[in-house]
Amino acid sequence: MPDPQENQDVPIDGGAAVSMGAPPPPEAEDNDELVFASLDEFYDDYLSQIVRRRVDGVHLSWCPDWWLHAEAIVRISALWRSFEYLRLDSALGMSHWWLQHADPHLAVLMHPFTGPFVLCSGPEGHTAELGPLPGNPSPPEMWDHPVFSVRAAKEQEQDTEEAEGSEGNAG
């Protein structure tokens, strides 16, 4: 496991991962430094070293070029962020990380029939033939509710404030 002091002056940059939809890297709070300064460092130095499976494409799938799969980037980024947060909980943090984060994400990623690496041939190589989920455009008015839209929530809040303001002026 890398020394957290070693990475103190390394700039943390989301780079390609952020451009593919991954959240930006976690921010260190107070004096807590990140153990891993980047997503690829987390993968190379931790995740790939401790998660050891027989990847045969039949029982489990994986792509050696996992970073070419947007879903893998986002899921592994979520694992990194949650790891950095939960490692600070000395009581149950790592147990929670495994049970609530690592196990479910790895199960989806490694699923041989439905995971993002389903067409990749395990250690041998990457196949990029999977496209995005199919979808037809939805009617825009369907999402004009505060539950589904930040814009609608802000409009509702403004309407409420205006109504409360006009009630105060009427009295």
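Procedures and definitions
- Residues numbered from 1 in each chain as written.
- Predicted model: local features only at pLDDT ≥ 70, side-chain atom pairs only at ≥ 80, totals over all residues.
- Heavy atoms only, no water.
- Core = buried A, V, L, I, M, F, W, Y, C linked by side-chain atoms within 4.5 Å.
- Buried < 20%, exposed > 50% of the residue type's maximum accessible area, 1.4 Å probe, protein only.
- Helix = DSSP H or I, 4+ residues; strand = E, 2+ residues; numbered from the N terminus.
- pLDDT = per-residue confidence, 0-100.
- Contact = heavy atoms within 4.5 Å.
- Salt bridge = Lys/Arg side-chain N within 4 Å of Asp/Glu carboxyl O.
- Axes fitted to C-alpha atoms, helices over the stretch in contact; angles between N-to-C directions.
- Parallel < 35°, antiparallel > 145°, perpendicular 65-115°, else oblique.
- Nonpolar A, V, L, I, M, F, W, Y, C, P; charged D, E, K, R; others polar.

> If you had to explain the nonpolar core to someone new, which residues and values would you point to?
Judged by nonpolar contacts, the single largest core of 25 residues is most densely connected at Phe42, Leu47, Trp62, Trp66, Ile76, Trp97 and Phe117. Every element with two or more residues in this core is listed here: helix 2 (39-50), helix 3 (70-86) and helix 4 (93-110).

> With reference to specific residues and values, describe the confidence of the model for the chain.
The predicted model of the chain averages 79 in pLDDT, with 71% of residues at 70 or higher. Least confident of the elements in the chain is helix 1 (residues 15-19), whose mean pLDDT is 49; most confident is helix 4, at 96. Segment residues 1-18 is flagged for pLDDT under 50; beyond a separation of four residues in sequence, or across chains, it makes 25 contacts in the model.

> For the side chain of serine 82, give the residues involved together with the corresponding values.
Note on placement: serine 82 falls in helix 3. Its relative accessible area of 11% is what places serine 82 among the buried residues. Ignoring sequence-local partners within four residues, the contact set of serine 82 consists of Trp97 and His101.

> Report on the pattern of salt bridges, specifying residues and quantitative values.
The final tally for this structure, using the stated rule, is four salt bridges. Across the pair arginine 75 and glutamate 71 runs a salt bridge whose closest N-O atoms are separated by 2.9 Å. Pair noted here: arginine 75 and glutamate 71 are both in helix 3, with a separation of four residues, about one helical turn. A relative accessible area of 36% means that glutamate 71 is categorised as partly exposed. Where arginine 151 meets glutamate 155, a salt bridge forms, and the shortest distance between an N and an O atom there is 3.4 Å.

> Kindly report on the packing of helix 2 against helix 4, identifying the contributing residues and their values.
Following both chains from N to C, one finds helix 2 and helix 4 inclined at 80°, their axes separated by 14 Å at the closest point. Regarding the angle of helix 2 to helix 4, the classification is roughly perpendicular. For the pair helix 2 and helix 4, contact is made by Phe42, Tyr46, Leu47 and Ile50 and by Met94, Trp97 and Trp98, respectively. Its residues placed into classes, the contact of helix 2 with helix 4 shows seven nonpolar, no polar and no charged.

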